[in-house]
Amino acid sequence: MTYQLHYWPTIQGRGEFVRLALEEAGAAYADVARGDGEDGGEQALMEDMAGHDRPPFAPPYLVDGDLVIGQTANILLHLGLRHGLAPRGEGGRLWVNQLQLTIADLVAEAHDVHHPVGLGLYYEDQKAEAARRAEEFRTHRMRKFLGWFETVLARAPPKTEGGGGWLTGQAPTYADLSLFQAVEGLRYAFPNAMKRLEPKLPRVIAVRDAVAERPNVAAYLASERRIPFSTEGIFRRYPELDP
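Note that the structure is predicted; figures quoted are calculated from it, not measured. (Residues numbered from 1 in each chain as written. Predicted model: local features only at pLDDT ≥ 70, side-chain atom pairs only at ≥ 80, totals over all residues. Heavy atoms only, no water.)

K.L.:
How should I be thinking about the overall build of the protein chain in this particular structure?
P.N.:
When you go through the protein chain residue by residue, the secondary structure sums to nine helices and four strands. Going from N to C terminus, the protein chain has its helices and strands arranged as β-α-β-α-β-β-α-α-α-α-α-α-α. Here the protein chain has a C-alpha radius of gyration of 18 Å; the compact-globule value for 243 residues is 18 Å, and the two agree. Taking the principal axes of the C-alpha coordinates as reference, the protein chain spans close to 50 × 45 × 30 Å. Looking at the protein chain as a whole, 49% of its 243 residues are labelled buried. By element, 51% of the accessible surface of the protein chain is carried by carbon and sulfur atoms, the whole surface being about 12100 Å². When the 27 positive and 33 negative side-chain charges of the protein chain are each reduced to one mean point, those points stand 9 Å apart. (Helix = DSSP H or I, 4+ residues; strand = E, 2+ residues; numbered from the N terminus. Rg over C-alpha atoms; globule rule 2.2 N^0.38 Å. Buried < 20%, exposed > 50% of the residue type's maximum accessible area, 1.4 Å probe, protein only. Areas by Shrake-Rupley, 256 points an atom, 1.4 Å probe, with all protein chains shown as cover. Lys, Arg positive; Asp, Glu negative; His and termini not counted. Charge placed at Lys NZ, Arg CZ, Asp CG, Glu CD.)

K.L.:
Is there a simple way to think about the side chain of R226 in this case?
P.N.:
Tracing the chain through its elements places R226 in the segment after helix 9 (215-221). Looking at R226, its side chain comes within polar contact range of the side chain of Q181, at 3.0 Å. Ignoring any residue separated from it by four or fewer positions in sequence, one finds R226 in contact with Q12, E16, L20, F180, Q181, E184, Y220 and L221. (Polar contact = N/O pair within 3.5 Å; in protein donor to acceptor, adjacent residues only side chain to side chain. Contact = heavy atoms within 4.5 Å.)

K.L.:
Help me understand the packing of aromatic side chains, please; the structure alone is not making it clear to me.
P.N.:
Centre-to-centre distance and the angle between the planes together describe a pair of aromatic rings. Scanning the entire structure with this criterion turns up six aromatic pairs. Ring centres of F229 and F235 lie 6.3 Å apart, and the angle between their planes is 80°; this geometry places the pair in the edge-to-face category. Members of the aromatic cluster, joined through ring pairs, are W95, W148 and F149. (Phe/Tyr/Trp six-rings, centres within 6.5 Å; stacked < 30°, edge-to-face > 60°.)

K.L.:
Please explain the nonpolar core as it appears in this structure.
P.N.:
The tendency in soluble globular proteins is for nonpolar side chains to be buried as a group. L22, L179 and L186 are the most contacted members of the largest nonpolar core, which has 61 residues in total. Counting residues per element, this core draws most heavily on helix 6 (residues 174-189), at ten residues. Once residues within four sequence positions are removed from consideration, L22 is found in contact with Y3, L5, A27, Y29, L62 and L79. With five residues, the next largest nonpolar core counts A33, L45, M49 and V63 among its residues. (Core = buried A, V, L, I, M, F, W, Y, C linked by side-chain atoms within 4.5 Å.)

So, in structure tokens, the structure goes:
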């Protein structure tokens, strides 16, 4: 069965975390709003979202048969068990979900740097507030989030000096794929801050590099299916926010 992924057609956004899992799994899926015809485009997306008995609050959402699953972490919890991208035991699944929810917090804070006052306002309407928020994010929050993932990797089994290589040990999970995307987004939005921070994050960067080299992910990244970063997505590059 082909999954139906519903997300905005022109940006990576939160939908990209789901795309990476689907691509890594080699799962058949339709990126519905990016298609041609009456099902494609933003208007059709909004109409479809409102038409379900259990309507999602916002994209992304995934249709899997009779299931309509919203919220990125919830979608990945479903896909992880289906496609071997999470441990089968309850404790392991909950731990990977916790990792994913922490990435979601990081992503939300990265977004709020350029929209600290209100989502309905343009960046130009809140530049002064964004500059203050960006300074805190660059100097404190990025280090706190990514430093925590560095610690997780150092403590992952097997208990060796180098850790286990992946967030849960020897096997990659959807959380590793999402950590890759978070690092890529931060490199795009805050390249100067990341250059200063990355030498302190060897394990995090090793995960980023290992994900990029996985055959299915590498093919996806080189394809036209991978939408470029832009100043319309979650991670936005404004040079004045990253001196």
